[in-house]
Each structure stands twice: as C-alpha cells, then as structure tokens.
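A look at the structure
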Amino acid sequence: MAPQYNHIVLPTLGQCPSASARQVFLALKPQTSPARALYIHIPFCSHKCDYCDFYSLVDTRDRQNVFTDRLIRELRALGSFAPEPLNSIFIGGGTPSLLDASLWERLLGELNDSFDLSRIQTGQGEFTVECNPESTTPEFLGILKAGSVDRVSFGAQSFEPEHLKTLQRLHDPDRVELVIIMAQDAGIVRQSLDLIYAIPGQTLRQWQRDLQRAVAIGVEHISCYNLTYEPATAMTARLNQGEFTPADEDLEIQSFELAGKVLGEAGLMRYEISNFAQKGCESLHNLAYWRSESWLAAGPAAAAHVGGHRYRNTPHLGQYLDFDDQGFAPIMDHEQPDTRRALAERLMMGLRLVEGVDSDPIYRAGEQINEHLCDQLRECVLKQIEAGLMAMQDGRWQLTDAGLLLTDGIVAELMDVVYQA
Amino acid sequence: MTTDIKHIRNFSIIAHIDHGKSTLADRLLQATQAVTAREARNQLLDSMDLERERGITIKASAVTVHHTHNGQEYMLNFIDTPGHVDFTYEVSRALKACEGAILVVDAAQGVQAQTVVNAYLAIEQDLDIISVLNKIDLPGARPDDIAMEIEQALGMAAEDCILVSAKTGQGIDELLETIIEKLPQPPAPTTNKTRALIFDAIYDDYRGVIVYFRMFDGTLKTGDKIRMMGLGRNFSITELGKYTPKPEKVKSVGPGETGYLVAAIKTLGDVRVGDTITLENSPADQPLSGYEPPQQMVFCDFYPSTNSEKKNNDFEELRDAINRLSLNDSSFTFQPVHSEALGFGFRCGFLGLLHMDIIQERLEREGDVEIVQTAPTVSYKVQVRSKKGLIKELEIHNPADLPDAGTIVSIAEPMCRVNIISPSEFVGEVMKLCLERRGIYKHQTLVSATRQMMTFEIPLAEIIYDFYDKLKGLTSGYGTMDYEITQYHNDNLVKVQVLINAEPVEALSLICHKDRAEFRGRQLLTKLKKQIPRHQFEIPLQAAIGGKIIGRETIKGFRKNVTAKCYGGDVSRKRKLLEAQKKGKKRMKSVGSVQIPQEAFMAVLDQSE
C-alpha cells in the first residue's frame with residue numbers, strides 16, 4: 001500500500017500514473033512553449049543548519065549511487081520535453097558539493113546528453129551550482145567547469161565566527177575568499193555570495209563589515225537575506241525557548257537599507273528584495289522564477305512550473321528512489337493551470353523585482369477573468385502610489401524602496417482584488 | 001377517561017448539571033415501560049442537538065407514564081426543568097406545576113451550588129422533596145458522606161436519601177415506590193371554573209406553538225375556546241395530547257393532570273410561561289398566582305461579520321435568522337441598532353449568559369450567519385435630570401447609550417445573591433475574588449467537614465464575563481456557584497470610552513466604578529494593543545471619561561512586512577499564506593481604516609491580568 005501525501009495516492013511501479021510528473025507533461029497543450037530553465041535538487045547534507053527549511057537529509061545509508069542513477073533517469077525523461085536550448089540550470093540543495101566527484105561527472109555528462117546546452121556553453125545562458133565553502137575543492141570546481149558550469153554560489157552567511165556559530169555553520173569565514181580564488185582559478189568567473197543579516201546579537205556595524213568584506217572579495221552578485229524564523233526549524237524552536245533575542249524591527253530595516261547603500265556604492269544594484277548584482281549579472285535562473293516563466297524540476301522536493309501547472313516532486317528520498325514512472329518522479333501539491341492563480345502569482349513574484357511587473361499582460365489576464373478587475377487593480381495600485389509605496393513607470397508597476405519593505409501586505413491586497421473579482 | 005386525582009403524581013427532577021438528571025429520567029421511563037431500552041439509550045427529554053451537546057436541558061417538557069403499584073395504576077407526570085440559573089423563572093413555573101420534586105445529587109461530587117438554589121426553589125414552592133443519591137455505582141461514590149451533606153446544607157434527613165444508579169437501574173423500583181407513597185396527590189379543585197397553568201411552550205414549524213400546561217381546576221377538551229388570562233388572547237384548541245413520551249392525542253385533560261395543546265397560535269409572543277388558561281365563555285375570576293414576564297438581564301449586540309463576497313445582504317440574513325429563532329424562543333429580545341464601528345446589527349437581551357451563548361450558537365448554526373458579538377453588559381437604571389429639573393429613569397443596556405455625564409443623577413446596577421460552594425482550603429482565594437469584584441460578604445456555612453458554602457452580594461456586571469472561569473481556576477475545578485438576581489443598587493458608576501485612531505468606538509465603551517475606571521481603562525487598552533493587529537500606519541488607542549483622556553497606548557505601524565527568500569519552490573506555499581492572511585480579516589470589522597478583530601470587542605469585559 002503506497003503512502004499518501006495530500007490526498008494524492010503515490011503510484012506503485014507501472015501503476016497509477018496520475019500522481020506522477022509524466023501525467024502533467026502528457027496533459028500539456030500542444031502550443032505550450034517548452035521550459036527553458038531547469039532546477040535540480042541534491043538533498044544530501046553533512047548536518048542540518050538550524051535556520052534551514054529546505055528538504056535535505058544527512059544520509060546514513062550510502063544512497064548517493066542509487067540517487068544519481070535515479071536522477072539520471074528523471075533527467076532523460078524531462079529532456080524529451082525540452083527541445084529548445086536551456087537558458088539556465090541551477091543545482092541546489094542540500095549541499096550539492098557533498099555528492100561524490102565521480103557521480104558529479106556522470107550527472108554533468110547526462111545533462112550534456114539530454115539537454116541542449118548550447119546557449120549556456122556560448123555564454124548566453126547560466127549554469128549555477130550552489131556550494132558550501134567548507135566542502136568545495138579545486139578538483140570539484142574543475143569537474144564543474146568541465147561540465148559547462150559557469151557560475152557558483154557560496155553560502156558565506158557571515159564573516160563573524162560568533163554569528164556563524166549561532167547559525168550552526170561549520171566553515172571558517174576566511175575560507176570564503178579562498179574558495180572564490182579557487183573558482184576563479186578553475187575558470188568559473190561568475191560568482192555569488194549569500195549573506196544573512198539580523199542574526200541574534202549582530203550589530204549594524206558588524207553587518208556593515210560583512211558587506212564591505214563581501215564587496216572586497218569582488219563577486220558580481222550578492223544575496224542578502226534577513227534571517228527568517230521558518231516554522232518547524234531548530235532556529236525557531238531555540239527562539240521560542242528564549243535562547244536568544246531576535247533582532248528588532250528597526251535594526252532589520254536599517255540592515256536592509258545599509259545593504260542597498262554599501263552594495264550600491266560598489267556597483268551592485270538591488271534588483272530584487274534580497275538580491276544585488278552588477279549590471280547584466282543578475283541571476284537568469286532566478287529571474288525565471290520571479291517573472292513566472294516555466295521551469296523543469298528534478299530531484300526530491302524540487303518544485304516545477306510547466307505550462308501553468310505547479311507541482312513538487314515527492315520530498316522523500318526513499319519514495320523518489322522507489323517509484324519511477326518511465327523516469328518521472330511521483331509528485332504532490334499539483335495545481336492545474338488557472339488564470340486567476342497565475343495572475344496572483346505573477347503579481348506576488350514579479351513585484352519582488354525592482355523592475356516590477358509589466359501591466360500589459362496583467363490587464364490582458366484581468367480582462368479574461370472579469371470586466372471590472374482591471375479597474376479594481378488599477379484603483380488598488382493608485383492607492384499604493386498615493387501612499388508612496390508603488391510607482392508606475394513605462395507601463396510597469398513597481399514597488400518603491402518603502403514599498404519593498406512592505407511587499408507582503410501590498411501583494412496580499414492586490415491578490416485579494418484578483419480573488420474577489 | 002380522566003384519572004382519579006388520588007392516583008396522579010406530578011413531580012420534577014432537579015439537579016446540578018451533570019449529576020445525572022436526564023439519565024435518571026430516561027431510567028424512570030424505561031422502568032415504567034414507556035420506552036424500550038434502545039430508545040432510552042439517548043436522553044429522551046432533551047430534544048435539541050445543542051442541548052445534548054452541552055449536556056443540559058433548555059426546554060422543559062412533560063411526560064406522562066403509568067405505573068402499577070400494589071395493584072393500582074397510577075399516572076405519573078414528570079416535568080423536566082431546565083437546570084440552569086438563567087432559566088430560574090422557567091424552573092419555578094415548572095415546579096409550580098408539581099406537588100413533589102426529586103432532588104438528584106451525585107454521590108461522588110456531593111452538594112453543589114446549583115443543587116442548593118434548585119432545592120430552595122422547590123422549598124419555596126412548598127414541594128415535597130425526595131433526595132436521591134445518584135451514581136452510587138461509581139468507585140468514588142461516598143453515599144454516607146453525601147447524605148450528611150444534604151442534611152447539613154438543606155436540612156433533609158440523611159437517612160431518607162434513596163440510593164440509585166441511573167446507569168445500572170439499581171434503586172429505581174424503590175424510587176418509583178417512594179414517588180407514589182410519599183408525594184402528595186394534586187389538591188382538589190378550588191373553583192368550578194377552568195384554570196390551567198402554562199409552564200412551557202415550544203414552537204413547531206407545522207403546528208405553530210405547542211403549549212404545555214398543568215390543569216388545576218376543571219377540564220380542557222378539544223374544541224374548547226380558551227383565553228390566556230395575562231395576555232387576554234383567545235384561541236381555539238385543535239389538539240390536546242400527552243407525551244408518553246411519544247405524543248398521543250387525548251380528548252380531554254382533567255384536574256391534576258398535565259398535557260399539551262395546539263390552538264393555531266402563530267408565535268411564541270402570543271403565549272407567556274406562567275400565564276393561566278381559562279375558558280373564554282366561562283372565565284375564572286382570578287388567574288393562578290406567580291406570573292411574571294421574562295426579565296432580560298444580560299445584553300449584547302450581534303452584527304453580521306464583514307463578508308465582502310456578499311456585501312449588503314448580511315444584515316438581512318441576520319434579521320431573518322433572528323426572526324426565525326424568536327419563533328422558537330420568546331425570552332430573548334432584539335431591536336435593530338447601528339454602530340459606527342460595526343454597522344447595522346441587533347441589540348439583544350437574554351435571561352443570562354448561558355442563554356446568550358445558546359442564542360449565538362443557534363443563530364450561527366441554524367441561521368447560517370457569521371456573527372460579531374460585542375461584550376455582554378447588564379441593564380442599568382439611570383436617573384437623569386431634564387432641563388426643567390425633572391428627574392426621570394432610563395433603562396440602559398449599553399454603555400454607548402448613556403446620556404451626557406452632566407445630566408446623570410445616579411446609576412443603579414443589578415445585584416446578585418451568589419452562592420458558592422468550595423473546598424475549605426480555597427475559601428480565602430474565593431473571598432478575595434469576590435471582594436475584588438465589589439462583592440459584599442453575607443454569610444458562610446459548613447456543607448461538610450471539608451466544604452463550605454459562602455454567600456455574597458455581587459453586582460451582576462462583575463460576574464457576567466469570566467467570574468465562573470476564575471472561580472473554577474482558583475478552586476482547582478471544585479468550586480461551584482449559582483446566582484440569583486436580587487435588586488438594583490446605586491453606585492458611583494462612570495462610562496469609560498475608547499478611541500481608536502481618534503475615533504470613539506462605542507462598542508468598546510464600558511461602565512464601571514469610578515475608583516476602578518482608570519485601571520480598567522488602561523487595562524483595556526493594553527488588551528486592545530495585543531488584539532488589534534499592526535497596520536501599515538501607527539494607531540493611537542485612548543481611554544477617556546467624558547472627554548478627559550485617562551490612558552493611551554500606541555500600536556506601532558508596520559514598517560516591514562516582507563518575505564526575505566522567495567524562489568521557485570516557495571510560490572504555492574507563499575501564495576496560500578498571503579491568501580490566508582486576507583481570509584483572517586474576514587471576521588474583522590473596520591473602524592475608519594483600522595481592522596478590529598472580534599476578540600477585541602470581548603476584551604472589554606475581560607478583567608484578567
């Protein structure tokens with residue numbers, strides 16, 4: 001008897017394909033344009049960080065080999081639905097760098113075989129791998145380079161040992177500079193760093209030092225995340241037990257603003273709430289998410305968006321390994337295409353970008369839903385403009401700096417208009 | 001057809017909640033073969049879902065059964081009473097229809113406050129009382145101790161208690177025997193005119209109002225033209241019957257008996273419990289004594305909750321639901337009101353707090369409306385001086401209606417006599433609670449070696465919200481209370497107003513003692529600060545007495561409300577979170593641009609720290 005997830009009965013082998021990704025692809029309309037982005041999830045970690053709510057596991061059963069076999073079967077299946085050259089690939093986790101070197105070679109080889117990587121290989125696309133400073137080696141970077149990877153993203157988080165300890169990160173902060181040089185030496189010149197602010201105990205001054213150090217390293221892209229207490233994480237449990245005092249809101253706002261200032265002065269412009277890049281160096285792959293484009297997903301817990309469908313591969317390694325529908329993975333949380341939902345998501349994701357959303361396709365979608373919706377949306381936007389939270393420029397709706405800090409509330413109001421219409 | 005008065009027994013069963021009144025009633029029905037064991041599995045006399053869920057009886061009913069004792073068939077009419085103090089008047093009417101009462105006490109839990117109040121009601125009506133110790137099958141049963149409690153608290157001889165287990169049936173035969181031998185027969189008629197007491201009435205969708213009555217003098221027959229003496233309304237009986245407990249039609253009901261009648265009565269407003277039925281063409285000179293109109297003592301407002309999907313129809317739906325419910329329960333009152341904060345709604349009056357909860361639940365359940373309920377208040381009597389210096393009295397159910405402070409001569413509030421039974425070790429705590437609530441200590445007696453009964457005079461306003469919960473908490477759940485409204489009493493009372501974002505919100509104002517006004521005002525603001533969610537702007541909260549600000553709090557505006565990480569895998573979850581955020585606002589009311597959740601309106605009467 002197969003276990004159940006969210007009312008979807010997972011398929012047993014060769015049976016009940018309704019809950020496998022294959023059914024989604026078979027249901028796609030012929031005119032659906034193929035996805036140009038691919039996300040791959042490697043679920044292994046050496047330990048689970050306290051703030052992390054991504055799907056990852058500390059593998060005690062030596063399942064890397066079977067996992068790679070299974071992932072390759074899935075990539076082959078997906079490859080037949082991606083006839084056009086991919087714009088971007090992003091391999092995240094977990095800790096992708098924990099996967100064995102020989103397995104990486106097989107994985108990268110398979111990507112080359114199953115997908116058209118010509119755009120990536122000619123520098124018009126982007127192929128990113130997420131790396132942890134402590135497990136990244138020159139050999140590993142060499143394998144990535146040989147497999148067409150042209151961008152690495154390192155989780156630096158902080159340069160202060162005490163804050164790394166709070167986050168339960170294992171690396172030596174000085175190692176971040178080292179791995180960046182390693183990547184450069186390996187020929188992977190596009191690099192990004194992740195930083196976290198509003199860590200309990202962190203001062204504005206310390207945050208400024210972190211930013212300055214990241215700038216000095218000379219990467220083209222930096223992500224700065226306000227520490228978030230996700231439900232059901234160890235960090236949240238520790239917070240609830242009173243182990244530490246969370247940063248107050250004023251400090252969070254000052255840190256948010258300081259990131260814009262320090263990075264902006266260094267030529268890294270905020271292009272999304274938490275992301276900064278030199279001009280032209282924005283993450284193509286992440287832009288696909290924020291612009292509501294389609295992408296394929298492989299690996300356990302990976303989420304996909306194809307032809308208006310959204311779903312997630314089973315977030316359970318055992319099931320992912322055991323159930324195989326002609327290569328496709330068992331899925332959950334499947335949402336059928338829906339004009340209203342798509343519009344709400346376009347607003348929710350698109351307004352995170354400084355470029356905002358193009359009002360034209362929004363109006364077109366709005367007209368399909370209800371004759372009054374466009375007026376109601378415009379009215380809602382004008383109200384936000386009056387409050388100084390939004391702006392309209394070249395037919396695009398954008399959040400102002402003040403608005404970006406209040407994104408969720410503003411988006412919730414716009415979404416409500418969409419759902420009530 | 002009519003039974004000889006010598007062979008009729010009319011009695012009620014009275015008990016503290018959960019002491020097994022309904023189970024005992026069912027067991028008696030079973031013993032007299034009125035129902036099969038399967039039917040008796042459920043509590044037969046309680047008919048509404050809500051009653052069964054709460055384990056209490058809201059509507060009294062009368063059941064007639066026959067039992068043979070020493071070769072003679074007897075007619076036993078037993079009249080079920082609502083157990084709760086909110087319905088004291090109804091209980092007293094039901095008791096008036098009886099000659100005897102069975103006082104049920106749980107053999108493990110002992111005498112409780114409600115037992116005492118109910119027993120006194122029966123004593124006041126001059127009923128003969130049979131004490132029954134129920135649940136003697138329970139391992140914790142202490143029949144000897146509890147029998148002594150009954151003797152000590154109520155003055156009824158311990159050795160007269162009958163030991164019963166309604167669950168196993170033990171003692172039921174003895175009880176039936178005692179009912180027939182110890183309870184008196186109904187008194188002989190005192191007049192040759194017809195007089196029957198209405199002790200209950202219910203509304204039936206198909207037949208209109210069904211009236212339960214007890215014949216004192218004369219006989220009622222199908223087709224009789226009758227008159228309600230108090231209301232002066234005339235009707236014609238189309239159906240007479242008895243519940244056995246299935247309804248069975250009869251042609252006539254004679255002296256000493258109980259029954260029901262149907263007479264094309266359209267609403268419960270045409271019938272009053274306690275009224276006397278007589279014949280239209282040969283009316284009695286005097287009605288039976290004791291009739292009183294129902295007294296609404298607790299008031300609150302019901303508003304439809306904001307529901308943008310349906311917009312303006314909410315008020316209409318609420319009105320329909322209230323109208324429909326009023327056909328079923330004539331003891332709550334309602335009138336349309338308008339509030340700045342909450343729009344159009346109804347001010348409703350109830351017999352007590354439980355009654356209020358029941359009505360709210362029934363409206364939501366049966367009427368399918370979502371209600372925002374304001375904090376309950378009591379009915380104040382306010383003396384005001386007019387411009388010409390004349391003094392007149394107003395009845396105020398809502399702090400918002402209080403006239404200008406300058407014109408008020410005095411404000412009087414209803415007082416209660418509160419009986420509390422508690423284990424002796426908690427007496428100090430209970431005393432403290434009562435005194436904090438402006439209670440006046442009256443007296444204290446021992447119920448048993450370890451439990452005491454205390455009596456206080458406490459303003460009703462001080463007990464209508466969380467008093468009972470507090471008492472339960474202080475006494476580890478062992479304390480029980482009951483109250484009876486006694487009289488109105490003048491005190492130095494003032495109105496405290498609340499302003500949210502500089503706008504007065506009348507639904508949040510309160511009347512309280514002047515000495516406590518500042519404290520209560522500040523306390524309320526602290527609570528509101530917790531209850532009202534942050535907005536994108538700063539919200540000042542103020543408390544004021546007659547324009548003078550006595551307290552201030554500020555709800556800081558949101559300056560930051562943004563998800564740090566939102567990538568491809570977060571879309572669905574994030575979208576659902578944002579949708580849920582909006583749905584959460586459904587049960588809120590807007591005052592200007594401020595969203596106030598329903599709980600905030602209940603904060604007014606919550607005096608906890």
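Residues numbered from 1 in each chain as written. Chains lettered and ligands numbered in written order. Predicted model: local features only at pLDDT ≥ 70, side-chain atom pairs only at ≥ 80, totals over all residues. Heavy atoms only, no water.

This paragraph deals with the overall build of chain B. Scanning chain B from terminus to terminus reveals 15 helices and 34 strands. Burial status across chain B gives 57% buried among its 609 residues. Put simply, 70% of the contacts in chain B that link residues at least 6 apart link residues at least 24 apart. Total accessible area computed for chain B in this model is approximately 25800 Å², and 48% of it derives from carbon and sulfur atoms. (Helix = DSSP H or I, 4+ residues; strand = E, 2+ residues; numbered from the N terminus. Buried < 20%, exposed > 50% of the residue type's maximum accessible area, 1.4 Å probe, protein only. Contact = heavy atoms within 4.5 Å. Areas by Shrake-Rupley, 256 points an atom, 1.4 Å probe, with all protein chains shown as cover.)

Turning our eyes to something else, we now look at the overall build of chain A. What chain A contains, in helices and strands, is 17 helices and 17 strands. Within chain A, the fraction of its 421 residues that count as buried is 57%. Put simply, of all contacts in chain A between residues at least 6 apart along the chain, 72% involve residues at least 24 apart. Element-wise, carbon and sulfur atoms account for 49% of the exposed surface of chain A, whose accessible area totals about 16900 Å².

At the interface, 42 residues of chain A touch 28 residues of chain B. For the chain A and chain B pair, buried surface summed over both sides reaches about 3100 Å², with 54% attributable to carbon and sulfur atoms. Counting the surface chain A buries against chain B, the share from its top three residues, Glu249, Leu406 and Asp408 of chain A, is 18%. At the surface where chain A touches chain B, the tally comes to seven salt bridges. The salt bridge partner of Arg573 of chain B is Glu230 of chain A, with a shortest N-O separation of 3.7 Å. Our count for the contact surface shared by chain A and chain B stands at 20 residue pairs in polar contact (both at pLDDT 80 or more). Going through the elements one at a time, strand E8 (221-226), helix H10 (249-265), helix H11 (284-290), strand E13 (309-313), helix H13 (339-350) and helix H17 (407-420) of chain A are the ones with two or more residues in the side of chain A that touches chain B. Here the side of chain A that touches chain B gets 11 residues from one element, more than from any other, and that element is H17 of chain A. Considering only residue class, the side of chain A that touches chain B consists of 19 nonpolar, nine polar and 14 charged. (Buried area = accessible area lost by both parts, 1.4 Å probe. Salt bridge = Lys/Arg side-chain N within 4 Å of Asp/Glu carboxyl O. Polar contact = N/O pair within 3.5 Å; in protein donor to acceptor, adjacent residues only side chain to side chain. Nonpolar A, V, L, I, M, F, W, Y, C, P; charged D, E, K, R; others polar.)

A separate point is helix H14 (residues 359-369) of chain A. Turn by turn, an α-helix covers 3.6 residues, leaving residues three or four places apart pointing in a common direction. Residue and element names in this part refer to chain A. For H14, the full list of buried residues reads Ser359, Ile362, Tyr363, Ala365, Gly366 and Ile369. Taken down its axis, H14 places every buried residue within 165° of arc, on the same side. Exposed and facing more than 90 degrees away from the buried side of H14 are Arg364, Glu367 and Gln368. Looking at the packing, one finds that the buried side of H14 touches H13, strand E15 (357-358), helix H15 (373-386) and strand E17 (396-399). Where H14 begins, the capping side chain belongs to Asp358, and its oxygen is found 3.1 Å from the backbone nitrogen of Asp360. (Arc of directions from axis to C-beta.)

What follows deals with the pairing of strand E10 (residues 225-228) of chain B. All names here are of chain B. Side chains Ile226 and Met228 project from E10 onto a buried face, and the interleaved Lys225 and Arg227 project onto a face without burial. Note that E10 and strand E11 (residues 233-236) share four bridges and pair antiparallel. Residue pairing across strands places Ile226 opposite Phe235, the latter belonging to E11. Taking the residues between adjacent antiparallel strands as the criterion, E10 and E11 are bridged by four residues, where Gly232 takes a positive phi near 70°. Bridge analysis of E10 against strand E16 (residues 276-279) gives three bridges, and the strand direction is antiparallel. Among the inter-strand pairings, Ile226 is bridged to a residue of E16, identified as Leu279. (Pairing = 2+ DSSP bridges.)

Moving on, we get to the environment of Ser255 of chain A. Take Ser255 of chain A: it is sitting in helix H10. Those residues in contact with Ser255 of chain A that sit more than four places away from it in its chain are Tyr197, Leu204 and Trp207 of chain A.

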